[in-house]
Amino acid sequence: MRKKVLDSVKKKLIQKMNDILEMFEKEEIEEIGDTESENVIGDIVDRANNIYELQVLDRLSEYEQQKLQEIRDALIRIEEGVYGKCMSCGQPISEKRLLAMPEAKMCVACKAKHEKGGVISR
Ligand SMILES: [Zn+2]
């Protein structure tokens, strides 16, 4: 995927993660300025992991817990350089979909199959 798209997706994920983490971190979080910096993802993933360790997840709704996990996983995939591929079929997920839903793990087709609750056999 294009670097421009990846950068923009990365910013969105970091911002979303920050919004969730802000609910748990007492200290004011500094504005994230430089998402180009190497450590931004590492730092934010660390913070997300701390939230898990603090066992404050019961203060999150199920939806928020799921989001936290999905966003963290997406950031880890960016770090590992495997971001943007469908976890199910391995095909690249469209940039349009990733921009609309940066935490997406699956392409539209696989997601649709999943939501129907099974593999469509043909
Ligand atoms: Zn797929």
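Because the structure is predicted, anything quoted here is derived from the model rather than measured. (Residues numbered from 1 in each chain as written. Predicted model: local features only at pLDDT ≥ 70, side-chain atom pairs only at ≥ 80, totals over all residues. Heavy atoms only, no water.)

Reference values for angles at a metal are 109.5 degrees in the four-donor tetrahedral case and 90 or 180 degrees in the six-donor octahedral case. The zinc ion binds to the protein through Cys86 (SG), Cys89 (SG), Cys107 (SG) and Cys110 (SG), with metal-donor distances spanning 2.2 to 2.3 Å. The site at the zinc ion holds 4 donor atoms, and with the angles between them running 102 to 115°, its shape is tetrahedral. Expressed as a motif, the donor residue spacing for the zinc ion is C-x2-C-x17-C-x2-C. In this pair, cysteine 86 is assigned in the loop between α3 (62-80) and α4 (95-100) and cysteine 107 in the loop between α4 and α5 (108-115), connecting sequence segments 21 residues apart. Each member of the pair cysteine 86 and cysteine 107 is classed as buried. (Donors = N, O, S within 2.8 Å, 3.2 Å for Na, K, Ca; no water. Tetrahedral: all angles 85-135°; square planar, octahedral: opposite > 155°, others 65-115°. Helix = DSSP H or I, 4+ residues; strand = E, 2+ residues; numbered from the N terminus. Buried < 20%, exposed > 50% of the residue type's maximum accessible area, 1.4 Å probe, protein only.)

Now for α3. The terminal C-alpha atoms of α3, which comprises 19 residues, lie 27 Å apart, in line with the 27 Å expected from a rise of 1.5 Å per residue. When α3 is considered as a whole, its buried residues turn out to be Lys67, Leu68, Glu70, Ile71, Arg72, Ala74, Leu75, Arg77 and Ile78. Of the residues trailing α3, glycine 81 is marked for its positive phi of about 75°. (Expected span 1.5 Å × (residues − 1).)

Next up on the list: the nonpolar core. Soluble, globular proteins show a tendency: their nonpolar side chains are buried together. Ranked by internal contacts, the top residues of the largest apolar core, which has 27 residues, are Leu13, Met17, Ile44, Leu68, Leu75 and Tyr83. Among the elements of the structure, α1 (3-21), α2 (40-53) and α3 are those that each provide at least two residues to this core. The element contributing the most residues to this core is α1, with 7 residues. In this structure, leucine 13 is in contact with Ile71, Ala74, Leu75, Ile78, Tyr83, Pro102 and Glu103, ignoring residues within four places of it in sequence. (Core = buried A, V, L, I, M, F, W, Y, C linked by side-chain atoms within 4.5 Å. Contact = heavy atoms within 4.5 Å.)

Now for the confidence of the model for the chain. The predicted coordinates should not be examined in detail at positions where pLDDT is low. Taken as a whole, the chain shows an average pLDDT of 82; of its residues, 78% reach a score of 70 or greater. Mean pLDDT across the secondary structure elements of the chain bottoms out at α2, with 80, and peaks at α4, with 95. (pLDDT = per-residue confidence, 0-100.)

Turning our eyes to something else, we now look at the side chain of asparagine 18. Among the structural elements, asparagine 18 can be located in helix α1. Reaching out from asparagine 18, the side chain makes a polar contact with the side chain of arginine 47 at a distance of 2.8 Å. (Polar contact = N/O pair within 3.5 Å; in protein donor to acceptor, adjacent residues only side chain to side chain.)

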